Amino acid sequence: MLLQLVHWLQRILDASTIIYGVTGFVGLLGLIATAILQIGTISTTRRKLSHLRKMGVTTSNMTDQYDPKFDAPEGTDVDGPVRIKAIYIHPIKSCGAIELNRGLLTKAGFMYDRCFAFATDTLNTGTVAGLGWQQITQRTKPAMSQMKTELWLPHKKSDPRDPLVESGGCIVLTFADPDPSSWMDRLETLLHTWDLSAKPHLSFIIPLQPSPTQIDKFQIGLKTFRIHSRDARGLDMGIIPSVAVAMPKVKKFLGIPPRQNLTLLRCMPDTLTRTSLNLAPLERIGSPSVHGYTDQQPININSLSSVHAVSALLPPENQPLNGLRFRANIWITGAPAYEEETWMRYRILPKGNNNPQPRADVAPTLSVVCRTSRCTMPNVNVDTGIFDTDIPPPHKKKGKPQPSATLVEFRTVEMGNGAALGYLGMHCVPEDASLKEAEAQKMGLYVEVGDEIEVLERGVHSYGSTANEY
């Protein structure tokens with residue numbers, strides 16, 4: 001009897017030890033997970049954003065962009081109005097886009113569009129680095145398409161003393177860590193994503209508009225760099241600590257040599273560039289057109305039916321064609337393919353019901369100045385960051401770049417730009433009258449998804465056909 005009691009007590013103690021051991025282990029794991037979530041880089045970055053609100057859509061309006069309902073061959077009749085389907089801005093030139101349900105129009109285009117640009121110093125073999133600065137884009141660094149961009153802005157309850165609130169908000173740029181990951185980085189990524197296959201990413205904060213105090217504190221000065229054949233200027237944001245500490249990782253991610261300098265420039269109101277080619281008449285737009293770090297014009301518009309028409313011409317392995325490769329600001333539906341190429345002026349009629357926030361009671365009017373001459377950037381697959389080609393024939397080692405090869409063959413619809421790899425999309429300029437009317441109302445001149453397009457004038461476009469002086 002006594003022996004049975006001893007065995008019974010032993011079994012209970014063994015079971016209790018196991019239970020206590022498991023409980024303690026689980027508790028320890030919980031403490032480790034909590035600590036990582038508190039001190040990890042992801043959580044640290046997010047805490048700095050506590051006084052800001054993330055801008056953008058939660059569900060993309062382009063999720064159904066491949067739907068055949070948007071097929072409208074050239075010259076066909078389409079019932080219903082032309083509508084704005086989606087709005088995009090690209091705060092950092094050539095990096096990830098941000099989709100909005102409403103965008104604020106300014107003289108220089110949509111607010112926050114192409115207001116930052118990466119630049120490297122030029123290197124000449126055998127000479128000292130730093131002879132000049134040149135923008136970098138997806139043309140040479142396709143991995144830039146994989147750098148995710150977020151826009152964070154203050155709201156009514158923001159603390160005005162917060163440094164990022166003083167800066168008017170910030171950009172958060174996120175990209176895959178190019179270095180081998182530690183177990184803590186992998187665990188932190190798992191705790192945030194609950195995806196065992198997710199790779200650790202790095203994020204850094206870029207103040208949107210450094211305050212005078214911050215400019216003095218960090219000695220932020222202006223730097224001149226080249227965008228194609230023109231000089232551009234901007235604040236050298238690479239001096240800011242949160243940016244400077246991230247630059248070595250950015251260089252490694254983009255494949256920039258360690259000895260080559262990299263920085264990030266911020267366009268300012270006094271560094272905007274006056275448009276010098278394909279000029280809209282001043283009697284329409286009011287004053288000369290200006291833009292930030294876009295290649296040429298403030299706004300770009302494109303049509304889903306036009307992209308569908310090009311997609312149908314591609315080799316089967318390159319279909320369907322993702323419209324986001326063309327990096328337009330405004331996407332429209334309801335017009336036959338390429339009809340936008342006949343527009344000279346159009347008005348945006350407020351019809352969108354996606355945002356209850358107020359907007360000026362003004363229908364923005366834009367002048368259309370020229371077709372968009374394409375380069376190699378649409379060949380970058382925005383999902384992979386790799387240049388696409390078609391399948392080469394048996395006697396060839398490499399396929400043709402797509403969609404460029406198809407655009408050259410079928411969309412060289414004019415000869416205005418001899419360097420163009422075909423044409424798709426249209427460049428536009430906001431007209432001053434609309435901006436002034438909104439200013440008189442003390443309201444923002446917003447464009448929203450769902451707004452309708454009213455074409456005011458039609459005509460024939462030819463790249464470079466207008467004078468280079470107003």
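What counts, and where the lines are drawn
- Residues numbered from 1 in each chain as written.
- Predicted model: local features only at pLDDT ≥ 70, side-chain atom pairs only at ≥ 80, totals over all residues.
- Heavy atoms only, no water.
- Pairing = 2+ DSSP bridges.
- Helix = DSSP H or I, 4+ residues; strand = E, 2+ residues; numbered from the N terminus.
- Axes fitted to C-alpha atoms, helices over the stretch in contact; angles between N-to-C directions.
- Contact = heavy atoms within 4.5 Å.
- Buried < 20%, exposed > 50% of the residue type's maximum accessible area, 1.4 Å probe, protein only.
- Lys, Arg positive; Asp, Glu negative; His and termini not counted.
- Salt bridge = Lys/Arg side-chain N within 4 Å of Asp/Glu carboxyl O.
- Polar contact = N/O pair within 3.5 Å; in protein donor to acceptor, adjacent residues only side chain to side chain.
- Arc of directions from axis to C-beta.
- Core = buried A, V, L, I, M, F, W, Y, C linked by side-chain atoms within 4.5 Å.
- Domains from an automatic or database assignment.

- Looking at an unreviewed UniProt entry, one finds the chain named MOSC domain-containing protein and attributed to Aspergillus tanneri.

### Section: the sheet that holds strand S1 (residues 52–55)
Adjacent strands of a sheet pair through backbone hydrogen bonds, lying either parallel or antiparallel.
Right, so step 1: With respect to topology, four strands assemble into an open sheet ordered S1-S8-S9-S10, the strand pairing being antiparallel. Where the open sheet ends on each side, the last strands, each with one partner, are S1 and strand S10 (201–207). The mean angle between the axes of side-by-side strands here comes to 30°, regardless of whether they run parallel or antiparallel.
Right, so step 2: Across five bridges, strand S8 (residues 148–154) lies against strand S9 (residues 170–176) in antiparallel orientation. Within the sheet, the bridge partner assigned to Glu 150 lies in S9 and is Val 172.
Right, so step 3: Sheet contacts for helix H7 (residues 247–254): S9 and S10; angle to S9, the most-contacted strand, approximately 50°.

### Description of the sheet that holds strand S5 (residues 109–110)
Right, so step 1: Read from one edge of the open sheet, three strands run S5-S4-S23, paired in antiparallel fashion. Looking at which strands have only one partner, the edges of the open sheet turn out to be S5 and strand S23 (446–448).
Right, so step 2: With two bridges joining them, strand S4 (residues 102–106) and S5 adopt antiparallel strand pairing. Across the sheet, Thr 106 pairs through a bridge with Gly 109, a residue of S5.

### Quick look at the side chain of Glu 99
Right, so step 1: Take Glu 99: it is sitting in strand S3 (residues 98–100).
Right, so step 2: Of the side chains with opposite charge, Lys 85 comes closest to the buried, unpaired Glu 99, at an N-O distance of 7.7 Å.
Right, so step 3: At 2.6 Å, the side chain of Glu 99 forms a polar contact with the side chain of Ser 60.
Right, so step 4: A polar contact is formed between the side chain of Glu 99 and the backbone nitrogen of Asn 61, at a distance of 2.8 Å.

### Considering helix H11 (residues 432–440)
Right, so step 1: All of the buried residues in H11 are Asp 432, Ser 434, Leu 435 and Ala 438. The buried residues of H11 all sit within an arc of 165° when viewed along its axis, so they share a single face. Of the exposed residues in H11, those oriented more than 90 degrees away from the buried face are Ala 433, Lys 436 and Ala 440.
Right, so step 2: In this structure, the buried residues of H11 make contact with S4, helix H8 (282–285), strand S19 (365–373) and strand S22 (423–430).
Right, so step 3: Positive backbone phi, at 55°, marks Lys 442, one or two positions downstream of H11.

### A short note on the pattern of salt bridges
Right, so step 1: Within this structure, the stated rule accounts for 26 salt bridges.
Right, so step 2: Residues Lys 249 and Asp 179 are paired through a salt bridge, measuring 2.6 Å at the closest nitrogen-oxygen approach. With Lys 249 in helix H7 and Asp 179 in the loop between S9 and helix H4 (183–193), the pair connects residues that are 70 residues apart, well separated along the chain.
Right, so step 3: Note that Arg 345 and Glu 457 form a salt bridge whose closest N and O atoms lie 3.3 Å from each other.

### Points about the side chain of Asp 432
Right, so step 1: The residue Asp 432 is located in helix H11 in this model.
Right, so step 2: Excluding anything up to four places from it in sequence, Asp 432 contacts Lys 107, Ile 285, Gly 286 and Ser 287.

### Structural notes on the nonpolar core
Right, so step 1: Counting residues in hydrophobic clusters, the biggest one holds 58 residues, and the most contacted among them are Ile 92, Phe 116, Phe 118, Ile 206, Ile 330 and Tyr 346.
Right, so step 2: Taken domain by domain, this core gets at least three of its residues from each of domain 1 (18–49 + 116–122 + 131–266) and domain 2 (54–111 + 290–469).
Right, so step 3: Contact partners of Phe 118, with chain neighbours within four places excluded, come to Ile 92, Cys 95, Gln 134, Gln 135, Ile 136, Met 144, Leu 173, Met 247, Val 250, Leu 262, Thr 263 and Leu 264.
Right, so step 4: One finds Met 62, Leu 321, Phe 326 and Leu 407 within the second-largest nonpolar core, a separate group that totals 16 residues.

### Brief notes about unusual backbone geometry
Right, so step 1: In this structure, Pro 320 follows Gln 319 across a cis peptide bond, with omega equal to -10°.
Right, so step 2: Mapped onto the elements of the fold, Pro 320 is located in the loop between helix H9 (304–311) and strand S17 (330–333).
Right, so step 3: The omega torsion of the bond from Gln 402 to Pro 403 falls at 15°, within 30 degrees of zero and hence cis.
Right, so step 4: Relative to the elements of secondary structure, Pro 403 occurs in the loop between strand S21 (386–387) and helix H10 (404–410).
Right, so step 5: In the Ramachandran plot, Arg 114 falls in the positive-phi region, its phi being about 50° despite a non-glycine side chain.

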